[in-house]
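Inside the fold
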Amino acid sequence: MSNTEIKTVTGTGIPLMFDDIDTDRIIPARFLRCVTFDGLGEHAFEDDRQQDPGHPFNQSQYQTASILVAGRNFGCGSSREHAPQSLMRWGIRAIVAESFAEIFFGNCGSLGIAAVCAGRDDLKILADAVERDPSIRLTVDLQTLTATAGDNSVSVEMPDSVRDALVTGEWDFLAQLLSAQDQITAHSATVPYLNGFSS
Amino acid sequence: MSDHRNLFNRVWDLHTVRTLPNGQTQLFVGLHLIHEVTSPQAFEILRDRGLKVSCPKQTVATVDHIIPTAGQARPFQDNLAEQMMSAIERNCDEFGVTLLNLDDNRQGIVHVVGPEQGLTQPGMTIVCGDSHTSTHGAFGSIAIGIGTSNVAQVLATQTMFLRRPKVRRVIINGDLAPGVYAKDVILYIIQQLGVEGGVGYAYEYAGSTFDAMSMEERMTVCNMSIEGGARCGYINPDEKTVEYLRGRPFVPDGEEFDRAAAWWLSMASADDAEFDDEVVFDASVIEPTVTWGITPAQSVGVSQQLPNVRDCAPGEQKLIEEAIQFMGLAEGSPIEGTKIDVAFIGSCTNSRISDIREAAHVVNGRSVADGVKAIVVPGSQLVREQAMDEGLHEVFETAGFEWREAGCSMCLAMNPDKLQGREVCASSSNRNFKGRQGSPTGRTLLMSPAMVAAAAINGRVTDIRQFEVAGV
Ligand code: SF4
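Here's what I pulled together on the structure shown here. Since this is a predicted model, take the numbers as computed values, not measurements. (Residues numbered from 1 in each chain as written. Chains lettered and ligands numbered in written order. Predicted model: local features only at pLDDT ≥ 70, side-chain atom pairs only at ≥ 80, totals over all residues. Heavy atoms only, no water.)

1. Examining the site of the ligand
Residues and elements named next belong to chain B. The local shell around the ligand consists of H65, I109, H111, D130, H132, S347, C348, C408, C411, L412, N430 and R436. Taken together, the residues of the shell around the ligand break down into 5 nonpolar, 5 polar and 2 charged. If you count residues domain by domain, the shell around the ligand takes at least three from each of domain 1 (7–163 + 239–259) and domain 3 (292–470). (Near = heavy atom within 4 Å. Nonpolar A, V, L, I, M, F, W, Y, C, P; charged D, E, K, R; others polar. Domains from an automatic or database assignment.)

Given below as structure tokens:
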């Protein structure tokens with residue numbers, strides 16, 4: 001089974017140039033009291049927004065943004081998929097950051113969010129362009145590994161495995177894993193602790 | 001045949017089902033632990049696709065995050081929490097998964113329960129929809145936190161996909177000074193390597209400092225690997241590991257135990273094992289450590305001062321300034337003496353019996369400072385029972401602490417236990433992120449349980465080394 005092919009993401013941007021933004025800030029724990037992910041979008045960055053009226057997620061010019069430009073170690077902290085889910089439901093389709101925490105990055109891959117890395121100076125070029133003109137169109141191109149804002153184009157990085165999965169639409173990992181059922185069964189017969197530790 | 005592999009690669013190779021077309025590894029999962037927060041959507045995916053739980057015997061659930069630790073009568077007052085409880089009960093029932101529920105004395109924080117029950121064993125792959133799954137690495141397993149989509153994948157196939165990380169050996173040799181605990185060791189490592197230092201790596205903790213640690217101390221270290229960016233951390237199994245596991249409910253007995261023990265020990269890194277990277281620290285320089293900021297790397301020895309912003313690397317200044325401002329502290333000021341409002345002893349980092357004993361030792365015969373709210377939340381019902389058999393609850397209650405039921409409590413405050421407003425909390429937990437303890441403006445100082453206890457007594461951050469400890 002295939003999902004949508006994600007080759008490029010185009011839209012307006014939202015700058016959030018801070019480092020070490022953790023998942024508790026993206027979606028505070030009290031909003032995890034839910035049995036579905038519905039409705040998480042409106043609570044993205046809820047507490048940061050309350051404390052800072054100037055927070056980009058509060059500003060009207062960024063409300064239709066789909067590409068987030070962020071700093072280093074974005075999404076550190078908990079494994080909660082609620083974090084990328086809330087960003088996605090808010091409208092984010094791609095994140096360009098200096099680096100990502102691993103579990104968050106993996107969760108983005110599961111959801112088809114294009115999470116790519118760029119150098120700090122390049123990020124600043126993108127963030128400045130968005131701040132100057134919030135209506136400017138950004139494009140994250142996974143085929144050429146570039147992020148473009150108007151005339152400015154910078155190169156971005158993404159591990160081949162994740163890029164290939166998104167570009168070919170093969171990011172329904174559940175279906176892929178399921179297709180190896182026979183191998184899984186055979187494999188479990190070789191795991192010592194499932195077989196009385198006898199060799 | 002010479003085999004220079006480290007434990008991580010041995011366990012990885014043993015569990016490799018195949019390489020996926022995208023180059024990632026499909027890895028067999030030995031143990032899948034579940035809790036109420038990150039699982040309901042995963043079970044929903046199974047229902048949507050008409051799938052079953054592939055290996056219900058390798059799957060164990062408990063409840064910990066949303067449960068109240070005082071007044072657990074059902075239905076819970078919080079309707080949303082009640083819904084989540086009903087969901088995990090229904091899901092486990094429908095899909096045939098064992099649930100260690102509130103009426104089962106094996107219930108507790110998922111990372112306390114796994115080792116306690118002997119579910120966690122060396123040489124396994126262990127996953128859970130929770131980032132502190134790294135705790136289980138203390139036994140010499142690959143233990144990693146996963147997201148909810150992954151939880152669904154593991155439920156349905158008992159496998160997951162992952163890129164093989166590199167392995168860094170973190171070596172610390174030497175004795176820890178009195179008053180310095182496993183918590184201080186891991187806070188020090190994170191301070192030195194940064195919150196991002198471990199991204200792309202599994203950490204092997206090696207050296208005489210870790211060899212000398214009890215299994216519970218090793219769990220404290222591995223627990224916080226993720227705070228240093230490493231998705232997992234582990235310590236090679238040794239005789240202590242074997243003895244810890246002997247007689248636990250999910251561990252085999254008799255001859256099979258002997259076979260198990262021999263196999264567990266055989267998984268340890270070879271003496272000449274190769275690593276992608278290595279760092280070495282000296283145990284003697286580690287002090288009781290306290291965080292002053294909003295990431296677990298923003299810490300100092302208790303006798304030291306907060307940084308001066310202008311002395312920090314230009315790239316760090318913004319973050320440090322933001323942290324100092326949020327915390328309401330002054331740059332260059334000593335952390336010792338910082339006034340606290342709340343003292344929290346609990347969480348999967350430090351809520352085991354040894355932690356509670358250490359804290360009780362400090363508290364014994366003293367009283368909580370006026371105006372400080374102090375709570376002790378054991379990590380599991382069995383820890384709680386053990387502590388009560390030893391009379392430790394009385395030590396705490398006499399001093400003015402509240403003695404609670406097992407759960408995550410104020411570690412993340414998805415339950416009624418929360419900071420209020422700008423309160424400052426001395427906490428034995430693992431995260432000092434903004435808002436982590438339930439109040440968006442609440443402030444957290446991470447430290448060892450003994451240091452939390454001392455802070456509760458004095459109402460201020462206190463150097464445990466200068467705190468005269470009366471015998472229990
Ligand atoms: S105690 Fe805290 S860190 Fe541990 S599992 Fe519970 S919420 Fe997560």
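That was the structure; now back to the text.
2. A closer look at the interface of chain A and chain B
Listed as interface residues are 60 residues of chain A and, on the opposing side, 78 residues of chain B. Its salt-bridge partner being R25(A), residue E322(B) comes within 3.3 Å of it at the nearest N-O pair. Secondary structure elements with two or more residues in the side of chain A that touches chain B: α1 (23–26), α2 (46–51), α4 (102–111), α6 (160–168), α7 (173–178) and α8 (181–188) of chain A. Across the side of chain A that touches chain B, the residue classes tally to 28 nonpolar, 19 polar and 13 charged. (Contact = heavy atoms within 4.5 Å. Salt bridge = Lys/Arg side-chain N within 4 Å of Asp/Glu carboxyl O. Helix = DSSP H or I, 4+ residues; strand = E, 2+ residues; numbered from the N terminus.)

3. Here's the deal with the sheet that holds strand β7 (residues 142–145) of chain B
The pairing of strands in a sheet happens through backbone hydrogen bonds and is either parallel or antiparallel. All names here are of chain B. If you walk across this open sheet you meet the 5 strands as β5-β4-β3-β6-β7, and the pairing is parallel. A single partner strand is all that each edge strand has here, and the edge strands are β5 (98–100) and β7. Taken over all neighbouring pairs, the strand axes of this sheet differ in orientation by 20° on average, direction set aside. Where strand β3 (residues 31–34) meets strand β4 (residues 59–62), 3 bridges bridge the pair, whose relative direction is parallel. Note that in β4 the partner of I34 across the bridge is A61. Packing against the sheet, helix α5 (residues 148–157) makes contact with β3, β4 and β6 (125–128), and its axis sits at approximately 130° to β3. (Pairing = 2+ DSSP bridges. Axes fitted to C-alpha atoms, helices over the stretch in contact; angles between N-to-C directions.)

4. A short note on the sheet that holds strand β10 (residues 201–206) of chain B
All names here are of chain B. Spatially, β11-β10-β9-β12 is the arrangement adopted by the 4 strands of the open sheet, whose pairing is parallel. Looking along the sheet, the strands with just one partner apiece sit at the ends: β11 (232–234) and β12 (277–282). Sheet twist, expressed as the mean angle between neighbouring strand axes with direction ignored, is 20°. Looking at chain direction, β10 and β11 are connected through 3 bridges and run parallel. By the bridge assignment for β11, A202 is matched with C232. The sheet contacts of helix α1 (residues 7–15) involve β9 (166–173), β10 and β11, and relative to β11 the element is tilted by about 115°.

5. Thoughts on the packing of helix α2 (residues 40–49) of chain B against α5(B)
Residue and element names in this part refer to chain B. Their axes nearest at 8 Å, the elements α2 and α5 cross at an angle of 50°. On the basis of the axis angle, α2 is oblique to α5. In this structure, the crossing between α2 and α5 has a hand that is right-handed. Contacts between α2 and α5 involve Q41, A42, F43, I45 and L46 from the first element and T148, V151, A152, L155 and A156 from the second. Here the residues of the contact of α2 with α5 sort into 8 nonpolar, 2 polar and no charged. (Parallel < 35°, antiparallel > 145°, perpendicular 65-115°, else oblique. Left-handed = near helix turned anticlockwise from the far one by under 90°.)

6. Focus on the environment of M388(B)
All names here are of chain B. Considering the arrangement of structural elements, one finds M388 in helix α13 (residues 381–389). Each C-alpha atom, one on M388 and one on W403, is 10.0 Å from the other, the two residues being 15 residues apart in sequence. If we skip the residues at most four places from it in the chain, M388 touches H393 and W403.

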